[in-house]
Amino acid sequence: MSVKILITGGCGFIGSHVVRQFVMKYPDYQILNADALTYAGNPENLRDIEHYPNYVFRQTNIVDEKAVEELFQSFRPDAVIHLAAESHVDRSILSPLDFVYTNVIGTVNLLNAAKRIWIDEKNNSASRLLFYHISTDEVYGALGETGYFTEDTKYDPHSPYSASKAASDHFVRAYHDTYGLPVVISNCSNNYGPNQFPEKLIPLFIHNIIHKKPLPVYGDGLYTRDWLYVKDHAEAIDLIFHRGKTGETYNIGGHNEWKNIDLVKLLCRLMDQKLGRPKGESEKLITFVKDRPGHDRRYAIDASKIQRELGWKPSVTFEEGLSLTIDWYLENTEWLQHVTSGEYMKYYQKQYEQ
Ligand code: NAD
Ligand code: TYD
């Protein structure tokens, strides 16, 4: 029997890698990608798989309760992998409400619709029913010089983004505890790789180095993040989806901590080599700017649970991943140019509005 999976946010950065992984690896699954196509959703990310027979795209805003309800009633998914979100901390500082709408209300709309068809209508599907919520390590707040986030770390979000993701995680657990909805959650560290929108640190700086624009390093540049290649995250999601225990949480991380300034200098060195520029040229673009308010000092994940229970660990080293990522942006200048100009919105109109 074919398993029907609703993936939300599949035109975004991580979502597009997850959709591709599931569509190509599991031809028996029917994948419906529901995405509102905000500034961050780009159907060009899935151009290579959009004609696969087991793939369908449906433009849907998860904030629209009726649209979500209709989607669930017509598609009747056996499982949901929920990635749709407003995802950028700096934007959340400027417009917190957008984050409440999509990340909190959008998630609750999905939970209600899943509850309706799986619990209230007493679904007796032969498949395993599962609401898999994709979240972030930022819900745990900030670490000092030492220590790691585990699955038991107390939630302590600081930015409007992390507060909205924390709220959504709590709602997912509440629907499990209150209504018996089968759920699983994973909280992952910072991702990087192809197709990431150039507002996040790594793709923004790659873009700026190409165009010889300033590299705005916030504050003293000594903030630390734990970086994971996006395809390793997609593999972890695949494993948790198939073998994770219902009701559980899994932390996913790269064992790969970098202070921002060290990462930026490494990126500059690699880009100089790849672009055939004199050594040290791109580092001259580094510009220290005013700090982000409420900036979390350090994130680092203890990923021993997923390693121990599901046998997952990152497969791509940072040097490899960064090199692959830079090569991808250098080879896909059209993609970069489209997203920075807003041109990619037209691709959607061409493909789906006829
Ligand atoms: P992204 O911003 O690249 O993509 C988000 C996608 O969601 C876009 O395609 C967008 O169009 C869609 N979307 C936004 N609002 C929507 C709405 N109201 N209805 C339907 N679709 C909507 O984000 P990403 O970096 O790919 O992150 C995906 C998920 O992973 C998010 O839930 C995020 O919190 C989580 N996460 C991200 C990271 C990271 O480093 N990027 C790390 C850990 C967890
Ligand atoms: P970002 O990619 O926005 O991810 P997050 O805030 O979710 O961790 O930022 C990564 C780190 O880089 C974070 O410490 C903020 C910093 N940063 C800069 O110094 N300059 C920038 O222009 C950006 C976008 C981020």
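Just above sits the structure.
One numbering rule holds for all chains: residues counted from 1, following each sequence as written. The naming scheme follows written order: chains are lettered A onward, ligands numbered 1 onward. Per-residue local features of the predicted model are confined to residues with pLDDT of at least 70, and side-chain atom pairs are confined, for both listing and counting, to 80 or more; whole-chain, interface and lining totals are unaffected and use all residues. Hydrogens and water are ignored here; the side-chain numbers use all heavy atoms of the structure.

Remarks on the pairing of strand 5 (residues 130–136)
Alright, step 1. Most of strand 5 sits inside the fold, with seven of its seven residues counted as buried.
Alright, step 2. Bridge count for strand 4 (residues 79–82) against strand 5 is four bridges, and the pairing is parallel. Bridging from a neighbouring strand, V80 pairs with F131 of strand 5.
Alright, step 3. Here six bridges tie strand 5 to strand 6 (residues 183–188), and the two strands are oriented parallel to one another. Its bridge partner being in strand 6, T136 is matched across the sheet by C188.
Alright, step 4. Considered for its hand, the β-α-β crossover made up of strand 5, helix 5 (residues 160–179) and strand 6 is right-handed. Here's how the labels work: a residue is buried when its accessible area is under 20% of the maximum for its type, exposed when over 50%, partly exposed in between, all with a 1.4 Å probe on protein chains only. Helix and strand assignments come from DSSP, with helices taken as H or I runs of at least 4 residues and strands as E runs of at least 2, each series counted from the N terminus. A pair of strands is considered paired only if DSSP assigns at least 2 bridges between the two. Place the viewer so that the strands point away; then a crossover is right-handed whenever the path from the first strand over the helix to the second strand goes clockwise.

Thoughts on the site of ligand 2
Alright, step 1. Note on definitions. A residue lies near a molecule or strand when any single heavy atom of the residue is within 4 Å of it. The immediate surroundings of ligand 2 are formed by 18 residues, with E138, P216, R225, R292 and H295 found nearest.
Alright, step 2. By the criterion applied in these results, polar contacts are pairs of N or O atoms within 3.5 Å in which, for protein atoms, one can donate a hydrogen and the other can accept it, and in which residues neighboring in sequence qualify only through two side-chain atoms. Contacts to ligand 2 include N190, whose side-chain N or O atom sits 2.9 Å from an oxygen atom.
Alright, step 3. One of the side-chain nitrogen or oxygen atoms of R292 is found 2.5 Å away from an oxygen atom of ligand 2.

Some thoughts on the sheet that holds strand 9 (residues 224–229)
Alright, step 1. Here we have three strands laid out as an open sheet, ordered 7-9-11, and mixed in their pairing. Two strands lie at the open edges of the sheet, namely strand 7 (190–192) and strand 11 (257–259), each paired on one side alone. For this sheet, the mean inter-axis angle between neighbouring strands, taken without regard to orientation, is 50°.
Alright, step 2. Strand direction decides the pairing type here: strand 7 and strand 9, joined by three bridges, are parallel. Looking across to strand 9, one finds that Y192 is bridged to Y229. To get an axis, a line is fitted to the C-alpha atoms, and for a helix only the part in contact is used. The angle between two axes follows their N-to-C directions and goes from 0 to 180 degrees.

Quick word on the site of ligand 1
Alright, step 1. Around ligand 1 sit 29 residues in total, of which I14, D35, S87, Y161 and K165 are the nearest.
Alright, step 2. Taking D35, its side chain carries an N or O atom lying 2.5 Å from an oxygen atom of ligand 1.
Alright, step 3. Contact distances for ligand 1 include 2.7 Å between an oxygen atom and a side-chain N or O atom of Y161.
Alright, step 4. In this description, accessible areas are obtained by the Shrake-Rupley approach with a 1.4 Å probe, and a residue is regarded as covered only by the protein chains that are shown. Coverage of ligand 1 by the protein amounts to 97% of the 830 Å² it exposes when considered alone.
Alright, step 5. Those elements giving two or more residues to the shell around ligand 1 turn out to be helix 1 (13–25), strand 5, helix 5 and strand 7.
Alright, step 6. Per element, the largest residue contribution to the shell around ligand 1 is three residues, and it comes from strand 5.
Alright, step 7. By residue class, the composition of the shell around ligand 1 is 14 nonpolar, 13 polar and two charged. Basically, the charged four are Asp, Glu, Lys and Arg, the nonpolar ten are Ala, Val, Leu, Ile, Met, Phe, Trp, Tyr, Cys and Pro, and anything else, Gly included, counts as polar.

What to know about unusual backbone geometry
Alright, step 1. Phi angles above zero are rare outside glycine, and N195 is one such case at about 75°.
Alright, step 2. If you trace the backbone, N195 turns up in the loop between strand 7 and helix 6 (201–210).
Alright, step 3. Residue N195 is classed as buried on the basis of its relative accessible area of 8%.
Alright, step 4. At H255, a position not held by glycine, the phi torsion is positive, near 50°.
Alright, step 5. Mapped onto the fold, H255 is located in the loop between strand 10 (249–252) and strand 11.

A short note on helix 4 (residues 96–120)
Alright, step 1. What we call the bend at a residue is the angle made by axes fitted to the seven residues finishing there and the seven residues starting there. By the largest-angle criterion, I105 marks the main kink of helix 4, which is about 25°.
Alright, step 2. K122 sits one or two positions beyond helix 4 and adopts a positive phi of about 50°.

Points about the side chain of H88
Alright, step 1. In this structure, H88 sits in the loop between strand 4 and helix 3 (89–94).
Alright, step 2. The exposure class of H88 is buried, given its relative accessible area of 8%.

Brief notes about the packing of helix 4 against helix 5
Alright, step 1. Relative to each other, helix 4 and helix 5 sit at 15°, their axes nearing to 8 Å. By the criterion of interaxial angle, the relationship of helix 4 to helix 5 is roughly parallel. For the element pair helix 4 and helix 5, the recorded crossing hand is right-handed. Of the residues in helix 5, those touching helix 4 at P96, F99, N103, V104, T107, V108, L111, N112, K115 and I119 are P160, Y161, S164, K165, A167, S168, F171, V172, Y175 and Y179.
Alright, step 2. Residue composition of the contact of helix 4 with helix 5, by class: 13 nonpolar, five polar and two charged. Angle categories: roughly parallel below 35 degrees, roughly antiparallel above 145, roughly perpendicular from 65 to 115, and oblique for all the rest. By the definition used in this description, the sense in which the near helix is turned from the far one sets the handedness, with an anticlockwise turn below a right angle giving left-handed and a clockwise turn giving right-handed. Any two residues having at least one pair of non-hydrogen atoms within 4.5 Å are treated as being in contact.

Here's the deal with the packing of helix 8 (residues 260–275) against helix 10 (residues 318–331)
Alright, step 1. In contact at an axis separation of 11 Å, helix 8 and helix 10 are set at 55° when each is read in the N-to-C sense. Relative to helix 10, the element helix 8 is oriented oblique. In the crossing of helix 8 with helix 10, the sense of the turn from one axis to the other is right-handed. Across the interface between the two elements, L263, L266, L267, L270, M271, K274 and L275 of helix 8 pack against F318, L322, S323, I326, D327 and L330 of helix 10.
Alright, step 2. When its residues are assigned to classes, the contact of helix 8 with helix 10 shows ten nonpolar, one polar and two charged.

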